[in-house]
Each structure stands twice: as structure tokens, then as C-alpha cells.
Amino acid sequence: MLLKSCYELGIQSPFRMNRTFLSKSSKHEGFFFLGVVLICLLPSCSPGRRLPQDSYLLNENKIEIRQKSISSEELKRYILQKPNKKVMGVRFHLWLFNMANPEKTKGINGWLKKIGEEPVVYDPEFTKKSTGQLKQYLENKGYHFAEIEDTTIFRRKNAVVTYSVVPNEPYRITSIRYIIEDTTIVQPVLADTVRSLIHKGAIMDMAVLQEERQRIETSMKNNGYFRFSKEYIHYEAKVIPSTLNVDLTMFIKDFVEGEPDPKTKLRPHRRYRINRIYVNPNYSPLDLTGPAPSVFDTTFYDGIGFLHYNKPKIKYDVIIDKNRLREGNYYNLDDVDKTYRNFSSLGLFRFVNINFRESDTLPASGNDRYLDCSVDLARRRVQSYQAELVGTNSSGDFGARGNIVYQNWNLFRGAEILNLRITGAIEGLKNQTNGKYKAMREFGGEVKLSFPKFLAPFRMEKFVSKYTPKTTVTAAYNFQNRPDYTRSIANLSISYLIQGEKYFTHFFWPIELNYIQIYEDLSDKAFLDSIRNTYAGYSFEDHMIAVIRYGLEFNSQKLGKRSDYIFTRLNLESAGNLLNLINNAFHAEKIEGQYQLLNVPYFQYLRGDLDFRYYNIIDPLNKLVYRLFFGIGYPLGNSTALPFEKKYFSGGPNSIRAWSTRDLGPGSYVKPESDTVFNYPNQVADIKLEANFEYRFRLFWKFEGAFFLDAGNIWAIRQEDEREGALFEWNRFYKEIAIGTGIGIRLDFNFFLIRGDIGLKLRDPALPEGKRFIPTNRGIETNDLKFQFGIGYPF
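(A) The arrangement of the sheet that holds strand 2 (residues 147–155) in detail. Ordered in space as 1-3-2, the three strands form an open sheet in which the pairing is mixed. The strands lining the two open edges of the sheet, one partner per strand, are strand 1 (57–64) and strand 2. Along the sheet, successive strands turn relative to each other by an average axial angle of 20 degrees, direction set aside. By the bridge criterion, nine bridges tie strand 2 to strand 3 (residues 158–166) in an arrangement that is antiparallel. Within strand 3, the position partnered with T151 by the bridge is T162.

What follows is the structure, encoded as C-alpha cells:
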């Protein structure tokens, strides 16, 4: 079977290859060739070999249509019989199914049948019904005179069905009229027609008419009409004879319940105001042994009734800040939805339930009715503990890292979230001279406290209610003891998270202080002396970094919908500039040419980067992901270089995967063998440019596969950088772009994903010009392959 498939594809059998092939080419190239041949052959070994006589495998459905306004992909959704799923253009799941013995159902055969897919046998009856489905769809879109013709071409054991679609001219709306039985709602309905989805001259699209019904329902519910529904709306379309014009009339019926008005004989739609609001912050629907409703006490605070049977476990102010519903206001559906989101964003509640019922305590007033609102909040477990132990691999140096994490989601009864983390790590660093290992030790801790409000010296009730900001205070300490140097990093910051309109999220750090201390008595004196007066040496002196940062995220992903989306992250950062301005204004004294803060120099720079990603969803099994990253930092006045912590690096599991972390660049720089004894990570720089492409596809069970292509590099920005080839120059930076490719396997457990990628260098800028494309200049070596392990997708 394998040999036969080879001849059919026009490929020489790998079992009959010229014996001199491997001797004339490198062994790696031979294995690469065999891999390509097997990849081509395995899925193509007669996928229809088990079909019944005179049956054909449905290979493809095609749509031929010249009208660009009608999506061929949308039309394909209405074709009833779909071909077997494909991965990389190959029927991988059908191949798995065919691997099983058809006469056995247990063991490996049963498993292959379960994860595989039965062959889809072409059925002409389905084709006929699909033609009818397509015609009905086009009629609903306004194309009542569409012509559809199906053609089936049989070749070997495959069938290709082509649907030729000629939409012809559609019906168009020439006039729109409204007939509203209840005169009390004429004004709110007609006043909102500026947002109408129906327009004169538009195609008579049934889907748009349904969307307009839903839009009017939402608009009415946002204006107090709690019981209004789209079911009260229907249309009447009158086709003008001998034309394709339609006179459209929208009818809105009166209310179906209650006594009719004595004069008009109609039942008006009523507007509803909110009467009482009751909140149960300790709701427990599964606790059958809990207190009966009569046991609850009710405490009214700021117009809201809080139900409790002992001391409240959350402050009432937190509930009030997040609540958009107010006593006396008209019912508003948007306020209800935002209240749901606000309570959920606290992270304190397992679920939120908001119910309304007509009030029994207040009589109707004119056309208005009243609603009582009940809000049930089911709390989650408040505290958690977690211990983690993971293996690490930094550029071939192996080690282990452990974390102990404590979390409390209601620290001061105000939905404050406390995260306490203690971490420790040990790693063996290889001595580049004698090959022996010495230990790198690291330990530290972090305390992070988040508040569900905007901590500021002034009150901002409307801002808090609309944008649900969060304030986070962070304090951290990290101690690093390496064979070549020992240092500590202390951090203190205040940050704000603000949910903007729709797809936007804002981040702002008004203050972030970092103090880096070098312990010379615990460091290798020879190492410090070797870099003391170099460009990299500035990061190995005691210093401060006082930062102001702003971040913006845009994410157009719609949960629950399979559609393309964009993710963009912008970061802007300024450090030391305000301090430098103040020092200049007051003529502060410079020590060794630098201003100081708390008796140590501070860094001054500007830094910004942009991360753009586009996710192209082909179908449920296949996805293309594109990423472009650009970042730049520039030292100013009080600094000659960026601090080490703020420099960019390339390579690693989330970057260019054919290189290890911090193992690429800058530019065409080649790290000398004797650069440092313990592989000091000096391959960092001020500019980063990177582009990534990844094709992701589902295989079976929890497994996913990927093919990727990465390109980019980093560069220095200042002439003071002494590393040869590291400087960014317009006339040669494009010649220093590194390129890598590879394959990956992922295990997706929904709540987390384990990833393993194998990267292969295609173009190495560290090689001499003219020899940087590896496959065309030499055979592939072991050092050209890198295995990367990661948690979560790379981007």
C-alpha cells in the first residue's frame, strides 16, 4: 500500500532510494527528507479504501458566486453534508479512523475509532436538500429570484460538489411606516429610529428585520418598559407590482395583560420604577440547613435593604459602589447588566443573581408601575493556600523553583484581595572554563493588596460606578546570589486598573520605585572589575528606578463566538524625568556626574512598546495567529544606559523559539567563548523588533499541534555600547534579522495548557554575511535545534 501510494504521487519509494543519498548529503538532511515523505504519505494512503462499491468520499464543497456582498463562507454553513475535517489540508481524523481494524471495537482499535472520524460518503439526496437550503437562505436575505445549480465531479473515489449561485436582483425597501397601537410609546419608539437598522434603499433582509426587533426591545427596556418584548413587534411587507420595491410597515401591538383603557379600549405598555432593593450577600442556594427567611434581619443602608442573620461578612459600601440600580429610577437593562459585571469583577462571589417582581407595597402612579429587586450573592471560599514546585531551564542550566502562595479575597471585609507569595530557586550554572557547576540561589517574597475602588484623596462615585476601577499596592523583595555577583531588588508600587469602553482596559502606575543593591563583598571581584567601566557595568552599581507607567489593552474577542479578533497592548514608561526636572530647578548637587535619590544614582529614560496580535479563526480545528512586536528605550540626562531590568531580550519559549532565552543578538554580535565564566546574560539591548506566525490545529482528545515561523532581533541604541555589531543602523538592521521555524505539541486542559516546541534556526545573524541562511550553506547541527517548554500559548 505504501509503495503504491508513492508511485501514485510521483515520489520514489523511500525503501528503494539510491544508497548513495545519505552519503552524499548530511545525515540530518536524509532524516528530514524521510520525514517529509512520511508526512505526505501517511494521510494519503487511500482514505476511501474502505468505502462500499460505487460509493465516493465527499472531498470538497465549493461555492461559486460573483456577488461580493454575499459571503461564500456563510453560504457553506447551509450545506447539509460536510466533508471530513482537515488539518493542514489533510484528512487527519479520517486517517486515524482507517488505522483501526474495522472488525474490532476494543483496545487500540476502539480508541482510534473514537478519536478519528468515519468517512463522509457522498449522498446526492443531501446535495439536493442543500440546494433548497441555500435558496431559502438567499430568499431570507432578499434575493427571491436567486438561481442555484449544483454540479458533482467524480474522480477516483472522491466527489467534489460545486454550487453555482446567481443571486440576481434583490427586493429593496422603498418606504417604512410605523403603526403603534399604544400611543403612550409612540414618542420613545420614534425618537430612537435614528439608530434603526432598517433604511430606505436597503435590501429586504429578514435577519436585519429580526435584529431591529431585538434592538427596539433593548431600547424600550432601557427606558423603563420592563415587560416589553420583541414579540409585540411584527412586519407587513407589500411588494409593488412589476418592481422589486417593498413598502414595509412595522406594527407594535398594545400590552396583552390588564384591563383596557376605557377610552381607547387598549392596554398600554407600562413603565416601571425600582421600589425596594434587597441584597443578600451571604446567599447559599445549596445550604438546606441554613436559616429560614424569617430568621434574617434587614438593615437599610443608603436606600438598600441588606439581609443578614449575623455580623455582615462584607461592608455595605462595597455593594453600594458596585450597584448601578437606584431606588426611584426607571428600570434600565444596561444598569442591570453592568451591576452583574461589577459584582462578578470583585472575584468574591461564585455567582450573582438579580430578580425583579412587581411591588405589592406601592400603588401604581399614572402610567408607572413599581418593581422590587432582590440581589443574591453567593460567596466563594475566602482563603486558599497553594504550594508549587517546577523545574527550570535557563539556556541549558537546569534548576528548580518553589512557591508558597496564600490568597484572601476579603481581607478587611471590603472585597480586598491579598496575595502573599514566597519563592525560592536554585540552579546549576556551568563554568565555561572547566565545565563544573556552581549553584545560583534566589529567594524573595511579594505582598500584593488589591482594592475594588479608586484610592484617591477625593471621592469619585460616578467614576467608580461606571468604570469599576481597582487599586493595587505591591511590595516585593528578591535576593539573587550567583557565582559572579550578588544583588537584591526591592520594589514598591501603586497601580490602577480601569475598565474602559467595550474592548479597552487601562493600566496606570503613578509611582513605582525599584532599589537595586549590589553586594560587592559577596560578588566575584574579578567579574565586577571586568564590567565596571563598560556599557553593561552601569546596571551593576547601586541605583534607584522611579517609574511612571501607562498601559492600554484592546481585545475585540467575543466570548462564545467563533470569529476573528485583535489583541493589542501598548506600554509607555517614563523614569527619573520628573526628578531630573526638580533637581535642575533647585540646582541640586551632582555626585560623580549624576543626581541621586536616597544617596544612590537614579536612572532616567523613556521607554515604550507595542504588541499587536491578530487571530484568524479558519474553522473549529484550525487557527492562524499573527504577532508583531516593537519596543524601544532611550536613556536620558542622568543615565548612559537603560537599567538591566528594563532592557529587551530575544529568544525563549515566548519569543524566537530557535534560540534560548537571552541567547540571540544584539544585532550580529557574537558572544566570545571567554565572555564570562558563568554565562552572564549580556545579550540584552534597547530596541526589539519581532514578528511571529503560528498555525494551530486540533489533533485529538486534549492534543493540539502547531507550526510556527519567528523572526526578529534586538539592537543597542547608543554609540557607547562596545559590543561589535550590536548597534542599530538603518543600512544593515534588516540584514541582522534572525529567522526560526519549528513544530509544537500542546496539551489543552481548558484551565491551563502545557506546551512543548522544537525550534530550528533558518537564519542566524551571528554568522558571517553571506552564510547566514543555514539550510543553504551547511547541514543542520544539534545546536541549531532548541526545545522550549512553556505554560500557555506563546501569544
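Moving on from the model shown.
(B) The arrangement of the sheet that holds strand 8 (residues 297–301) in detail. Sheet architecture is open: five strands sit in the order 8-9-7-11-10, paired in mixed fashion. On the outer flanks of this sheet lie strand 8 and strand 10 (349–358), each paired with one strand and no other. Each adjacent strand pair in this sheet contributes to an overall mean axis angle of 25 degrees, direction not counted. Where strand 7 (residues 271–280) meets strand 9 (residues 304–308), two bridges bridge the pair, whose relative direction is parallel. Within strand 9, the position partnered with Y278 by the bridge is G305. Each of strand 10 and strand 11 (368–379) is contacted by helix 11 (residues 333–345), which is oriented at about 155 degrees to strand 10, the strand it contacts most.

(C) Local environment of the pattern of salt bridges. Across all of its chains, the model carries 42 salt bridges by this definition. Across the pair R324 and D335 runs a salt bridge whose closest N-O atoms are separated by 3.6 Å. Linking R324 in the loop between helix 10 (316–322) and helix 11 with D335 in helix 11, this pair joins segments that are 11 residues apart in sequence. Grouping residues by exposure puts R324 and D335 together as buried. With a shortest N-O distance of 3.8 Å, E388 and R421 are connected by a salt bridge. Remark: R421 occurs in strand 14 (residues 417–430) and E388 occurs in strand 12 (residues 383–394); sequence separation between them is 33 residues. Salt bridges linked by common partners bring E553, R569, D611, R613, R627, K688 and E690 together as one network.

Cut-offs used in this document
Residues numbered from 1 in each chain as written. Predicted model: local features only at pLDDT ≥ 70, side-chain atom pairs only at ≥ 80, totals over all residues. Heavy atoms only, no water. Pairing = 2+ DSSP bridges. Helix = DSSP H or I, 4+ residues; strand = E, 2+ residues; numbered from the N terminus. Axes fitted to C-alpha atoms, helices over the stretch in contact; angles between N-to-C directions. Contact = heavy atoms within 4.5 Å. Salt bridge = Lys/Arg side-chain N within 4 Å of Asp/Glu carboxyl O. Buried < 20%, exposed > 50% of the residue type's maximum accessible area, 1.4 Å probe, protein only.

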